[in-house]
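For reference, the chains in residue letters:
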Amino acid sequence: MLRDCFSTMVSRTITIAAGIGVVALLPVLPPLQLVVLALLLSVLSVFHRLPFSLTALCFCTGLVYGSVFGHLLVHKILPESLEGKTLTLHGQIDGLPEFSAHRGGTWRFNFRVDRCLAESCGIERVRLSYRSDKRLEAGQHWQLKVRLKRPRSYANPGGFDYGRWLVVSGLHASGYVRGGELLEGGARGRARIVQYLRIQLEGLSRHPMLLALAVGDRGRLSDADWEVLRQSGLSHLVAISGLHIGIAAGLGLLCGRLLLPLTRLGPLICALLASGGYAWLAGFSLPTQRALIMVVLGLLALQLGRGLNRWQLWSLALLVVLLLQPLAALSPGFWLSFTAVAVLLAIFDRRRTWHSLFRAQWALLLGLAPLTLAFFDMLSPLSLPVNLVAVPVFSLLLIPLTLLALCLELISTAAACYVWRLANAGVEAVMSVVEWLIPVVPAWHYVPQVLTWLCLCAAAILLLTPRAVPARYLALFLFLPLVGALSLREENPDIAPGHVRVSVLDVGQGLATVIATRNRVLVYDVGPRYSESFDLADAAVLPYLRYRRVNRVDTLVISHNDNDHAGAYQRVQKAYPQLHLLSGERLAGSSACRQGMQWRWDGVLFSLLHPDPNLVEASSNNRSCVLLVQTGRSKVLLPGDIDSAVEQRLLAGHFEALAELSVLVAPHHGSKTSSSEAFVRQLRPEWVVFSAGYKHHFGHPAEEVVGRYRQAGSRIRTTSDSGAIRFELSPRGIEKVTEHRLQRRFYWQ
């Protein structure tokens, strides 16, 4: 009977967790009255012993819990009425501030709000940037004058969802500091340890990796470091999670048994202290919290004996994590962590043989492949061999050495330095080999079709089933759709000859557009560059191209040299070195855009209508390359930042070509200096897109300009509201319009 009770426990806990997780994925919160009514009805069904009544009760319980959490969260998010206003916040710096030398010194940090001096301001934690020469440290109390906006991100396929990351991390707004007064200062606790280790390890070649392993300080890892880890499948090694906390707990358990062999609770207490202390050093990040919960439950189950089996423990950990972090279901790390543990539990074998490690790594690669493809649009063939070597080396050598060095810092700095050097040598050896292998065996970027992804899931499940399952290796045939898709040579197999896809990306106050035909790709502008470490070419354009599995960009057009258009165009050049660069103003290695240039790709005509080589334009904006893309009746015009004077010349010289446009990317983001009445009246575009920043101080698009297009009968969209906007055009006209932000809405937005 007890066994039946525990078996029921697994299904019930998973059902409650499913209810909580479903709410996190909803675009709109269900009314509390509705979910409470559903809960009451499920209670009545239990009393009447209806089929599946207990399952319904558990699911509705999860729905109620997730909905209550969601309604409380919505009240904490910054109200729209306070966006852009100067607010006064009292509170303290939460976690380690990150410093960048950009513009004389910029700090980025989380701020825990004790008091917000504004009506209807319920924010508790915010993400801030502060240009200051003052030193910011964790634990400092400040009074800050800030301007905030709601959690928001650039919305592009393949791009990082910063807004979702903010909310999942418990941050209710982001913004910048206009001025501040330090009320109480001084680093304390973990911050002092991190500062000390940053100085202590500065001279070691792999000190960023050692800091990440020791105290979860990943701010020193460069973009190149992250790219190496991502392409090799080793990112999990620098996020202090299950592997690291488990090793710490195991070492604590071993020390407890050696030092306190006669006590039953001594080893358990040592293991809890070791895992909890390591999690504290890591700053209790979300992956660390999940790992600590699972380890603590495992230690308690070990102490209680055989009361809970492995699946009961797994399901209980799943429920506890979602009870503490209801939005964890939005984090890829949540799904990867619990799926990885489930895979290991499914293949668990009490026999310890030499090939057990290989079997575990193979199972993890296979079991996590569908999720890796779904979340990151990438599969790394290096993952299996690299992890097969790196995981044992890190588990048995490098992480224990790191923990030993941390302990020795309390006793002897000289001894700790020696151990740090040993750990550094080990990391150097592993990462040097990995960095050498990545160019030889690059990762595969691929966005799977639904059928291909489902086949991959089915194949992974079948191959992970017990050997007794008949014909399980027939699952290999389910990999054929994936292999076929990866072997296709065409750039855009879903685009028919004579058709064209135009994607206006969301790059804030700027412009970036990708135009694709069957076998060719053109990029028009790349958005702005804000610092050495952040630009929209890297954050939006390149991720979108990888998402679309673009292996070759044929032409890059930089309309003119303003930062919001040219940005970090060199990043696109570096990623696609064979491309042809065209520009309205002189750039290194570029050819000049000239009126009259034409070319045809896959039945689609591309024409440059401006600038005129016989005229000298006074302003940079009026030197913009004006590109017309035409296939049959479909016409798309990209005019850059031209003003009304150039518009009149275009109408005079290309009157017929510009009539009845299908899509117009509005000149100069909808500025008052462009989109003159005559220009709008002649073009009468079916759709007009304003590429402009969300509530930007420039105020684009201007209301009067929007009014002109509305009077002309145009359908109006802005990238700030719609995110990336994709137009599928055929010779007959517009076939489909997709707005990315509408496809990925969450209830707090």
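Below you will find a few notes about this structure.

Conventions adopted
Residues numbered from 1 in each chain as written. Predicted model: local features only at pLDDT ≥ 70, side-chain atom pairs only at ≥ 80, totals over all residues. Heavy atoms only, no water. Pairing = 2+ DSSP bridges. Helix = DSSP H or I, 4+ residues; strand = E, 2+ residues; numbered from the N terminus. Axes fitted to C-alpha atoms, helices over the stretch in contact; angles between N-to-C directions. Expected span 1.5 Å × (residues − 1). Buried < 20%, exposed > 50% of the residue type's maximum accessible area, 1.4 Å probe, protein only. Contact = heavy atoms within 4.5 Å.

**A word on the sheet that holds strand β4 (residues 141-149)**
On the basis of which strands lie adjacent, the closed barrel formed by 5 strands has the order β1-β2-β3-β5-β4 and mixed pairing. In this sheet, neighbouring strand axes are inclined to one another by 50 degrees on average, regardless of whether the strands run parallel or antiparallel. Pairing of strand β1 (residues 86-100) with strand β2 (residues 106-116) involves 9 bridges; the strand directions are antiparallel. Each residue of the ladder has a partner; that of G91, found in β2, is V113.

**Focus on helix α9 (residues 265-281)**
Compared with the 24 Å implied by 1.5 Å per residue over 17 residues, the 24 Å span of α9 between its first and last C-alpha is a close match. Within α9, the full set of buried residues consists of G266, P267, L268, A271, S275, Y278, A279 and L281. G283 sits one or two residues past α9 and shows a positive phi near 80 degrees.

**Quick word on unusual backbone geometry**
A cis amide bond, omega 10 degrees, links H610 with the succeeding residue P611. The phi dihedral of S120 is positive, around 65 degrees, even though this residue is not glycine. Looking at the secondary structure, you find S120 in the loop between β2 and β3 (125-131). Overall, S120 belongs to the exposed group, its relative accessible area being 56%. We note that R549 has phi near 55 degrees; this positive angle belongs to a residue other than glycine. With respect to the element layout, R549 can be found in the loop between α18 (536-547) and β11 (555-558).

**Some remarks on the side chain of N387**
Among the structural elements, N387 can be located in helix α14 (residues 383-408). Given the relative accessible area of 4%, N387 is considered buried. Among residues more than four places away in sequence, those in contact with N387 are S232, G233, L234, H236, Q361, L382 and P392.

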